[in-house]
Amino acid sequence: MALSNMICIRDLEVAAKSILSKTVLEYFNDGSEEGLAVASNLSAFDKYKIRQRVLRDVSNVKTEKKAFGKTMSFPLAIAPSGMQCMAHENGERATARAATKAGVFMGVSTFATTALEDVKRSGDEFGENVYLLQLYIFKNRKTTENLVKRAEKAGYKGILLTCDTPKLGNRYNMTRNNFKLPPHLNLPNFGKEKVGPLIQHVVGDGSKQEDDSNINDDSITWDEALPWLRSITNMEIWLKGISTAEDVRLAAQSPANVAGIVVSNHGGRQLESAMATLDSLPECVQAAKSGNRPLQVWVDGGIKKGSDIFKALALGADGVMIGRIPLWGLAIAGEQGVSKALEILKAEFQHTMALAGCKTLSDITPSSLARVTEGGFYAKL
Ligand SMILES: Cc1cc2nc3c(=O)[nH]c(=O)nc-3n(C[C@H](O)[C@H](O)[C@H](O)COP(=O)(O)O)c2cc1C
């Protein structure tokens, strides 16, 4: 199907399947173990229906949202996903260009196949945008510190500290397919000499590891790691991979002055049978907004349609992120494919708002939704 004939994200997903190799496709799309968390992320959206208000002049629906001192064209950002050059040779550069053109912020993975400075430079050719560095705290703190300093110097606005990955999820596809980063690609956010052992970590092959200093430090804690991170940067610190009210409260109380959280289960790639992120969202919002220091709350996982974005916002999210969709867009047509995906999502979101009778984002509230109750009936939240 030609890109111009694709009308929904499902069209992009199907097209990407026919283009990507089995190994790359499964690396992108599968989750950990039996994929229960991936499936839950998707099905959680069906537990809600939208309550439609009418006759409310929806001739001029406004979707813009402020964050990081800038305006996003609608409350959606690109989630950080690693190794985008496996989807298309222009990888992260193409995503950055499409994101800037669409007015959509971008999270950049530490495990990107393009240097973080080059990702931003590519997007900057088309205007200013907000870039957030996804970060792991490695056993070798110096590696982490270098990444943070480079991002700050390059003009990144924030850190997304991924908290759900003390160890890599148990991903059957990676073992079965003997997943390896293709030899023509590398991970330039690390010095050349460190790439070898890192890739071995990525493939989960501990036996071949020569040096474990650049693997995730699985001993980090709230008390030590966050103040340390705060001590090395002035950028906003956001925690990605939070899913319980208990952890939101710890984030809000942290002396590291955490600015926001991303309710996420890593797209179902980490803890098997983790709660769907949409199911975690209400308790996280409640905790984030009721403390002395309210936190921003974004959510990712399973968002595929404009109505999904609407539901997440109605449950209190300030914004959403998408991980796999840009990869499918890249696989199909590089930058144009990502642009197409963003156009579809924005148009669908705007259309959902109009049909639901919401002129502005603040019109989207819990009363915009009904939820399935015992006995299968839907009731207003
Ligand atoms: C191929 C792939 C690579 C990813 N790499 C990272 C990563 O390096 N760091 C991270 O925090 N999250 C990573 N994620 C998770 C995404 O940031 C995001 O949480 C998730 O994809 C959202 O779910 P969705 O794909 O259903 O939109 C990755 C996701 C995918 C699909």
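This text gives an overview of the structure that appears in the document. Being a predicted model, the structure only gives us computed values, none of them experimental.

Some words on the packing of helix α1 (residues 9-19) against helix α13 (residues 324-356)
Their axes nearest at 10 Å, the elements α1 and α13 cross at an angle of 180°. Put simply, α1 runs roughly antiparallel to α13. Two secondary-structure elements touch here, α1 through I9, L12, E13, A15, A16 and I19 and α13 through I325, W328, G329, A331, I332, G337, K340, A341, I344 and L345. Class assignment for the residues of the contact of α1 with α13 results in twelve nonpolar, two polar and two charged.

Quick notes on the sheet that holds strand β6 (residues 131-135)
Spatial strand order, β4-β5-β6-β7-β8-β9-β10-β11: eight strands in a closed barrel with parallel pairing. Pairs of neighbouring strands in the sheet enclose a mean axial angle of 30°, with direction left out of account. The sheet contact formed by strand β4 (residues 76-78) and strand β11 (residues 319-322) spans three bridges and is parallel. Bridge pairing in β11 places L76 opposite V320. On the sheet, helix α5 (residues 116-124) packs against β5 (105-108) and β6 and is oriented at approximately 160° with respect to β6. In the packing of helix α12 (residues 306-314) onto the sheet, the strands contacted are β4, β10 (296-300) and β11, and the crossing angle to β11 comes to about 140°.

Some details on helix α4 (residues 91-102)
For α4, spanning twelve residues, the distance from its first C-alpha to its last is 17 Å, which sits close to the expected 16 Å at 1.5 Å a residue. Counting buried residues in α4 gives nine out of twelve residues, a clear majority hidden from the surface. Considered for burial, the residues of α4 that qualify are G91, E92, A94, T95, A96, R97, A98, A99 and T100. Looking at the buried side of α4, the elements it contacts are β4, β5, α5, β6 and α13. Downstream of α4 by one or two residues, G103 has phi in the positive range, about 70°.

What to know about the site of the ligand
Taken together, 23 residues sit near the ligand, with P80, S109, T162, D300 and G302 positioned nearest. Here an oxygen atom of the ligand and a side-chain polar atom of K240 are 3.0 Å apart. Starting from 610 Å² of accessible surface for the ligand in isolation, the protein chains cover 97%. When each cavity is represented as a set of grid points, the ligand is found to reside in the largest cavity. Elements that contribute at least two residues to the shell around the ligand include exactly α2 (22-29) and α13. Residues of the shell around the ligand, tallied by class, amount to seven nonpolar, eleven polar and five charged.

Comments concerning the pattern of salt bridges
Scanning the model with the defined rule gives 16 salt bridges in all. Between K22 and E26 there is a salt bridge; the shortest N-O distance is 3.4 Å. Taken together, the residues span about one helical turn, with K22 and E26 both in helix α2 at a distance of four residues. Where K289 meets D318, a salt bridge forms, and the shortest distance between an N and an O atom there is 2.8 Å. Of this pair, K289 sits in helix α11 (residues 277-290) while D318 sits in the loop between α12 and β11, and the two are 29 residues apart along the sequence. The class of D318 is buried, set by a relative accessible area of 13%. Connected through salt bridges with shared partners, the residues K47, D279 and R371 form a single ionic network.

Thresholds applied
- Residues numbered from 1 in each chain as written.
- Predicted model: local features only at pLDDT ≥ 70, side-chain atom pairs only at ≥ 80, totals over all residues.
- Heavy atoms only, no water.
- Axes fitted to C-alpha atoms, helices over the stretch in contact; angles between N-to-C directions.
- Helix = DSSP H or I, 4+ residues; strand = E, 2+ residues; numbered from the N terminus.
- Parallel < 35°, antiparallel > 145°, perpendicular 65-115°, else oblique.
- Contact = heavy atoms within 4.5 Å.
- Nonpolar A, V, L, I, M, F, W, Y, C, P; charged D, E, K, R; others polar.
- Pairing = 2+ DSSP bridges.
- Expected span 1.5 Å × (residues − 1).
- Buried < 20%, exposed > 50% of the residue type's maximum accessible area, 1.4 Å probe, protein only.
- Near = heavy atom within 4 Å.
- Polar contact = N/O pair within 3.5 Å; in protein donor to acceptor, adjacent residues only side chain to side chain.
- Areas by Shrake-Rupley, 256 points an atom, 1.4 Å probe, with all protein chains shown as cover.
- 1 Å grid on protein atoms, 1.4 Å probe; cavity = no way out; pocket = protein on both sides within 12 Å on 5 of 7 lines; lining within 4 Å.
- Sits in = over half its atoms within 2 Å of the grid points.
- Salt bridge = Lys/Arg side-chain N within 4 Å of Asp/Glu carboxyl O.

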